Amino acid sequence: MIEDFKKFILKGNLVTLAVAFIIGLKFAEVVTSFTDDIIQGIIAAIVGKTSFNGLTFELGNGIIKYGSFITVLLNFVITGFVLFLVVKAYEKAEEKMGVKKDDEAPTDVDLLSEIRDLLKAQRAS
């Protein structure tokens, strides 16, 4: 059982997944800090508040906290934009390094044509 556990834990995919997960968590911390420490500071300079969490209105006996929703929505948009910038930078780096993308892989027709041509060449010789 211990040997099976060792095999399971040391599989390449599991280790790769664990590393990706940890990097993802740290990236989330960076984006959260960017949002909380920089963007909300800019918002505070413009609007006068660091967040919209205090914005509420009463409806009957309930309190509608629409400000919290606005803050979360703003954080979501900022996170999405930062991820967009990271992906664009990654794509440019791949392009400069000459990495071939999956969508540029040969199609079935290309492969079959290549096999046909090789077979023709083989028969001719």
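All values reported here derive from a predicted model rather than from experimental measurement. (Residues numbered from 1 in each chain as written. Predicted model: local features only at pLDDT ≥ 70, side-chain atom pairs only at ≥ 80, totals over all residues. Heavy atoms only, no water.)

Enquirer: It is not clear to me how the overall build of the protein should be interpreted in this structure. Could you clarify?
Expert: Helix and strand content of the protein: 4 helices and 2 strands. Secondary structure of the protein in N-to-C order comes out as α-α-β-β-α-α. On C-alpha atoms alone, the protein measures out to a radius of gyration of 26 Å, which is more than a quarter above the 14 Å that the 2.2 N^0.38 rule sets for 125 residues. Put simply, the protein has 125 residues, and 10% of those count as buried. Put simply, 29% of the contacts in the protein that link residues at least 6 apart link residues at least 24 apart. Total accessible area on the protein is roughly 10700 Å²; 67% of this is exposed by carbon and sulfur atoms. (Helix = DSSP H or I, 4+ residues; strand = E, 2+ residues; numbered from the N terminus. Rg over C-alpha atoms; globule rule 2.2 N^0.38 Å. Buried < 20%, exposed > 50% of the residue type's maximum accessible area, 1.4 Å probe, protein only. Contact = heavy atoms within 4.5 Å. Areas by Shrake-Rupley, 256 points an atom, 1.4 Å probe, with all protein chains shown as cover.)

Enquirer: What should I look at first to understand the pattern of salt bridges in this one?
Expert: Side-chain pairs of opposite charge can arise where the charged atoms are in close proximity. Per the counting criterion, the structure on display carries 3 salt bridges. A salt bridge links Glu91 to Lys88; the nearest nitrogen and oxygen atoms lie 3.9 Å apart. Separated by 3 residues within a single helix, Glu91 and Lys88 lie in helix α3 (residues 66-97), roughly one turn from each other. By relative accessible area, Glu91 is classed as partly exposed at 29%. Arg116 serves as the salt-bridge partner of Asp117, at 3.1 Å between the closest nitrogen and oxygen. (Salt bridge = Lys/Arg side-chain N within 4 Å of Asp/Glu carboxyl O.)

Enquirer: Please explain the packing of aromatic side chains as it appears in this structure.
Expert: For any pair of aromatic rings, geometry is given as the distance between the ring centres together with the angle between the planes. Counted by the stated rule, this structure contains 2 aromatic pairs. Ring geometry for Phe57 against Tyr66: centres 5.8 Å apart, planes inclined by 45°, an arrangement best described as tilted. Note on Phe57: relative accessible area 40%, which makes it partly exposed. (Phe/Tyr/Trp six-rings, centres within 6.5 Å; stacked < 30°, edge-to-face > 60°.)

Enquirer: Looking at this structure, how should I read a nonpolar patch on the surface?
Expert: Taken together, Phe57, Leu59, Ile64, Tyr66, Phe69, Ile70, Leu73, Phe76 and Val77 make up a surface patch of nonpolar side chains, about 880 Å² in accessible area. Broken down by secondary-structure element, the contributors of at least two residues to the nonpolar patch are β1 (57-59) and α3. Here Phe69 lies in helix α3. (Patch = residues over 30% accessible without salt bridge, like charges linked within 9 Å, V, L, I, M, F, W, Y side chains within 5 Å.)

Enquirer: I keep staring at the confidence of the model for the protein and nothing clicks. Help me out?
Expert: Regions with low pLDDT carry predicted coordinates that are not meant to be interpreted in detail. Averaged over the protein, the pLDDT score is 84; the fraction of residues at 70 or greater is 95%. Between the elements of the protein, mean pLDDT differs from a low of 81, seen in helix α1 (residues 2-9), to a high of 93, seen in strand β2 (residues 62-64). (pLDDT = per-residue confidence, 0-100.)

Enquirer: Which parts of the structure should I look at to understand the environment of Ser125?
Expert: Mapped onto the secondary structure, Ser125 falls in the segment after α4 (108-124). In this structure, the C-alpha to C-alpha distance between Ser125 and Asp110, residues 15 residues apart in sequence, is 23 Å.

Enquirer: Explain the nonpolar core here, please?
Expert: Nonpolar side chains tend toward joint burial in soluble globular proteins. Counting 6 residues, the largest nonpolar core is built from Val31, Ile39, Ile43, Phe52, Ile78 and Val82. Counting only elements with at least two residues in this core, the list comes to α2 (12-47) and α3. Considering each element in turn, this core owes the most residues, 3 residues, to α2. The contacts of Val82, once residues within four sequence positions are left out, are Phe27, Val31 and Phe34. (Core = buried A, V, L, I, M, F, W, Y, C linked by side-chain atoms within 4.5 Å.)

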